[in-house]
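Structural overview for review
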Amino acid sequence: MKKRLAIFLSGRGSNFISIHKNILSGEISNAEIVLVFSNNKNAEGIVYAQNNDLPILIIDHKNFDDRKKFDRSIVDELSSYNIDLICLAGYMRIVSEIIIDSYVNKVINIHPSLLPSFKGMNAQQQAIDYGVRYSGCTVHFVDHGVDTGKIILQDVVEVNSDDDSSSLSEKILAREHILYCKAIDLFCNDKLVIAGDKVIVE
Ligand code: GRF
């Protein structure tokens, strides 16, 4: 049985598009996108989902007084889709325990730094400001913290003296598109084993 993926996004959606293309090409096997969810009806990624006839769910967080009620409504809506894996792909809301505890070790994210360095927003600018020589991207399981979950895969890029946040973001994004697809392929083919705080890639 193919693993049933839900993609969560809020904006551009280039990682989502890469995931979809890699499923179509067979680079990611044993997977299908059964839902594209966004809190933002104007997200560019939603236009791509529409053009590719992928099922879409929009729930605007602004209609809820708090995060937990918002996340509860997402979990309720998701229940009929039998989701095996939630892929956060530029999803700009913090995911609460309502989602995490309903999908234990089934929510993954890509972050544009070598975690545990530079968690949170503007990770590429944080890397430039710190003066690191290398940065990169990390695919990780999502836990109750922000960018603290178990690391699945990482890739490294060099930071040159003339890089700024925008050029570094571009370099990292090109790697993200490959790394995220690799991680999803591993998950969907049962190649990720969780051993305590670590993920072993078989
Ligand atoms: C990426 O840089 C990703 O690492 C971060 O948000 C950005 C999303 O970009 N979590 P896109 O929407 O996939 O183009």
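Numbering of residues begins from 1 in every chain and follows the order in which that chain's sequence is written. Side-chain atom pairs in this predicted model are given and counted only at pLDDT of 80 or more, local residue features only at pLDDT of at least 70, and totals for whole chains, interfaces and linings cover all residues. Note: side-chain values were computed over all heavy atoms of the structure, leaving out hydrogens and water.

What follows concerns the nonpolar core. Residue types Ala, Val, Leu, Ile, Met, Phe, Trp, Tyr and Cys, when buried and joined through side-chain atoms within 4.5 Å, form a set referred to as a nonpolar core. A 1.4 Å probe rolled over the protein chains alone gives each residue an accessible area, and that area as a share of the maximum for its type sets the label: buried under 20%, exposed over 50%, partly exposed in between. In this structure, Leu5, Ile19 and Ile184 are the most contacted members of the largest nonpolar core, which totals 42 residues. Each helix corresponds to a stretch of at least 4 residues labelled H or I by DSSP, and each strand to a stretch of at least 2 residues labelled E; elements are numbered beginning at the N terminus. In terms of residues, this core owes the most to one element, helix 6 (residues 165-188), which gives 10 residues. When near neighbours in sequence (up to four residues on either side) are disregarded, isoleucine 184 contacts Leu5, Ile19, Ile28, Leu85, Cys87 and Ile108. With 22 residues, the next largest nonpolar core counts Phe8, Leu35, Phe37 and Ile59 among its residues. In what follows, residue pairs with any heavy atoms lying within 4.5 Å of each other are defined as contacts.

Mapped onto the secondary structure, glutamine 124 falls in helix 5 (residues 123-130). A relative accessible area of 13% places glutamine 124 in the buried class. Leave out the neighbours within four places in its chain, and glutamine 124 touches Pro112, Ser165, Leu168, Ser169 and Ile172.

This part takes up the packing of helix 5 against helix 6. A fitted line through C-alpha atoms serves as each axis, taken over the contacting stretch for helices, and the angle formed by two N-to-C directions is quoted from 0 to 180°. Contact geometry for helix 5 and helix 6: axes closest at 9 Å, N-to-C directions at 120°. When the interaxial angle is binned, helix 5 and helix 6 end up oblique. The way helix 5 lies across helix 6 gives a crossing that is right-handed. Here Gln124, Gln125, Ala127 and Ile128 of helix 5 come into contact with helix 6, specifically with Ser165, Leu168, Ser169 and Ile172. In this scheme, roughly parallel covers angles under 35 degrees and roughly antiparallel covers those over 145, while 65 to 115 is roughly perpendicular and the rest are oblique. Crossings are assigned a handedness: left-handed for a near helix turned anticlockwise from the far helix by less than a right angle, right-handed for a clockwise turn.

Another aspect to go through is the sheet that holds strand 6 (residues 134-141). Paired through their backbone hydrogen bonds, the strands of a sheet run either parallel or antiparallel. Taken in spatial order, the 7 strands of this open sheet run 3-2-1-4-5-6-7, and their pairing is mixed. For this open sheet the edge positions go to strand 3 (56-58) and strand 7 (151-158), each flanked by a neighbour on one side alone. Averaged over all neighbouring strand pairs, the angle between strand axes comes to 20°, with direction disregarded. Strands were regarded as paired on the criterion that DSSP finds at least two bridges between them. Across 3 bridges, strand 2 (residues 31-38) lies against strand 3 in parallel orientation. Within strand 3, the position partnered with serine 38 by the bridge is isoleucine 58. Relative to the sheet, helix 3 (residues 67-78) contacts strand 1 (3-9), strand 2, strand 3 and strand 4 (85-88), its axis offset from that of strand 2 by approximately 145°.

Let us now look at the site of the ligand. Think of it this way: one heavy atom of a residue within 4 Å of a molecule or strand is enough to make that residue near it. In the vicinity of the ligand, the residues found are Arg12, Gly13, Ser14, Asn15, Gly90, Ile110, His111, Pro112 and Glu176. Glycine 13 has a polar backbone atom sitting 2.8 Å from an oxygen atom of the ligand. Polar contacts, as counted here, are pairs of nitrogen or oxygen atoms within 3.5 Å of one another; within protein the pair requires one atom able to donate a hydrogen and one able to accept it, and residues that are adjacent in sequence qualify only if both atoms are side-chain atoms. One nitrogen or oxygen atom from the main chain of asparagine 15 is found 2.9 Å from an oxygen atom belonging to the ligand. For the ligand, whose free accessible area comes to 370 Å², the fraction covered by protein is 85%. Every element with two or more residues in the shell around the ligand is listed here: helix 1 (14-25) and strand 5 (107-111). Here the nonpolar group is Ala, Val, Leu, Ile, Met, Phe, Trp, Tyr, Cys and Pro; Asp, Glu, Lys and Arg are the charged ones; every other residue, Gly included, is treated as polar. Here the residues of the shell around the ligand are counted per class, giving 2 nonpolar, 5 polar and 2 charged. Computed with a 1.4 Å probe, the accessible areas rest on the Shrake-Rupley method; for each residue, only the protein chains presented here act as cover.

For the rest of this paragraph, the subject is unusual backbone geometry. That bond from leucine 115 to proline 116 is cis: its omega, 15°, falls within 30 degrees of zero. With respect to the element layout, proline 116 can be found in the loop between strand 5 and helix 5. Phi angles above zero are rare outside glycine, and aspartate 53 is one such case at about 55°. Relative to the helices and strands, aspartate 53 is located in the loop between helix 2 (44-51) and strand 3. Backbone geometry at asparagine 122 places phi at a positive 50°, although glycine is not the residue there. Residue position: asparagine 122 is located in the loop between strand 5 and helix 5. Residue class for asparagine 122 comes out exposed when judged on its relative accessible area of 52%.

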